[in-house]
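Listed below are the residues making up each chain.
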Amino acid sequence: MKKLEVKCPQCNKKFNYYSSEFRPFCCERCRLIDFGQWMSESYTVPAHKLSEEEIQSLEQLVHEKNKDENDSY
Ligand SMILES: [Zn+2]
């Protein structure tokens, strides 16, 4: 059997690359931890970042709405 000693990117433990079913991780646990981190990172990234133009048009809408409310008094 081939042998290649590598470090697990998750826990830094040395293991034989060819003996792990979960490579590049040493075990299922490390793979799941890494996958969990990847998932949580992707959730914290905003799906859509507003451009300067979009922010300005939103501010304009709010401003106009406030003006209308003031006028009605
Ligand atoms: Zn590991």
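Up top is the structure these notes are about.
Residues numbered from 1 in each chain as written. Predicted model: local features only at pLDDT ≥ 70, side-chain atom pairs only at ≥ 80, totals over all residues. Heavy atoms only, no water.

Looking now at the overall build of the protein. When helices and strands are tallied, the protein shows two helices and two strands. Secondary structure elements of the protein occur, N-terminal to C-terminal, as β-β-α-α. For the protein, buried positions account for 11% of its 73 residues. In the protein, the share of contacts with a sequence separation of at least 24, taken over all contacts with a separation of at least 6, comes to 4%. Carbon together with sulfur atoms contributes 53% to the accessible area of the protein, which is approximately 6,700 Å² in total. (Helix = DSSP H or I, 4+ residues; strand = E, 2+ residues; numbered from the N terminus. Buried < 20%, exposed > 50% of the residue type's maximum accessible area, 1.4 Å probe, protein only. Contact = heavy atoms within 4.5 Å. Areas by Shrake-Rupley, 256 points an atom, 1.4 Å probe, with all protein chains shown as cover.)

So, on to the coordination of the zinc ion. Looking at the metal site, the zinc ion is ligated by Cys8 (SG), Cys11 (SG), Cys26 (SG) and Cys30 (SG), spaced 2.2 to 2.4 Å from it. Around the zinc ion, the four donor atoms are arranged such that angles at the metal cover 105 to 115°; this shape is classified as tetrahedral. A relative accessible area of 38% means that Cys11 is categorised as partly exposed. (Donors = N, O, S within 2.8 Å, 3.2 Å for Na, K, Ca; no water. Tetrahedral: all angles 85-135°; square planar, octahedral: opposite > 155°, others 65-115°.)

A cluster of nonpolar side chains, namely Leu50, Ile55, Leu58 and Leu61, defines an oily patch on the protein surface of about 340 Å² accessible area. In this structure, Ile55 sits in helix α2 (residues 52-71). Ile55 sits in the partly exposed class, given a relative accessible area of 31%. (Patch = residues over 30% accessible without salt bridge, like charges linked within 9 Å, V, L, I, M, F, W, Y side chains within 5 Å. Salt bridge = Lys/Arg side-chain N within 4 Å of Asp/Glu carboxyl O.)

Further remarks concern the nonpolar core. Core analysis: the biggest nonpolar cluster contains five residues, these being Cys8, Phe15, Phe25, Cys26 and Cys30. Not counting chain neighbours up to four residues away, the residues in contact with Phe15 comprise Leu4, Glu5, Val6, Lys7, Cys8, Ser20, Pro24, Phe25 and Cys26. (Core = buried A, V, L, I, M, F, W, Y, C linked by side-chain atoms within 4.5 Å.)

Put simply, Arg23 and Pro24 share a cis peptide bond, and its omega is 10°. The backbone phi angle of Asn12 is positive, close to 65°, even though this residue is not glycine.

To describe a pair of aromatic rings, you give the distance between the ring centres and the angle between the ring planes. A full pass over the atoms with the stated rule returns two aromatic pairs. Each ring, one from Tyr17 and one from Tyr18, has its centre 5.6 Å from the other, and the planes form 85°; the classification is edge-to-face. Ring centres 6.2 Å apart and planes at 20° place the aromatic pair Phe35 and Trp38 in the stacked group. Of this pair, Phe35 and Trp38 are both found in helix α1 (residues 28-44), three residues apart, which corresponds to roughly one turn of the helix. (Phe/Tyr/Trp six-rings, centres within 6.5 Å; stacked < 30°, edge-to-face > 60°.)

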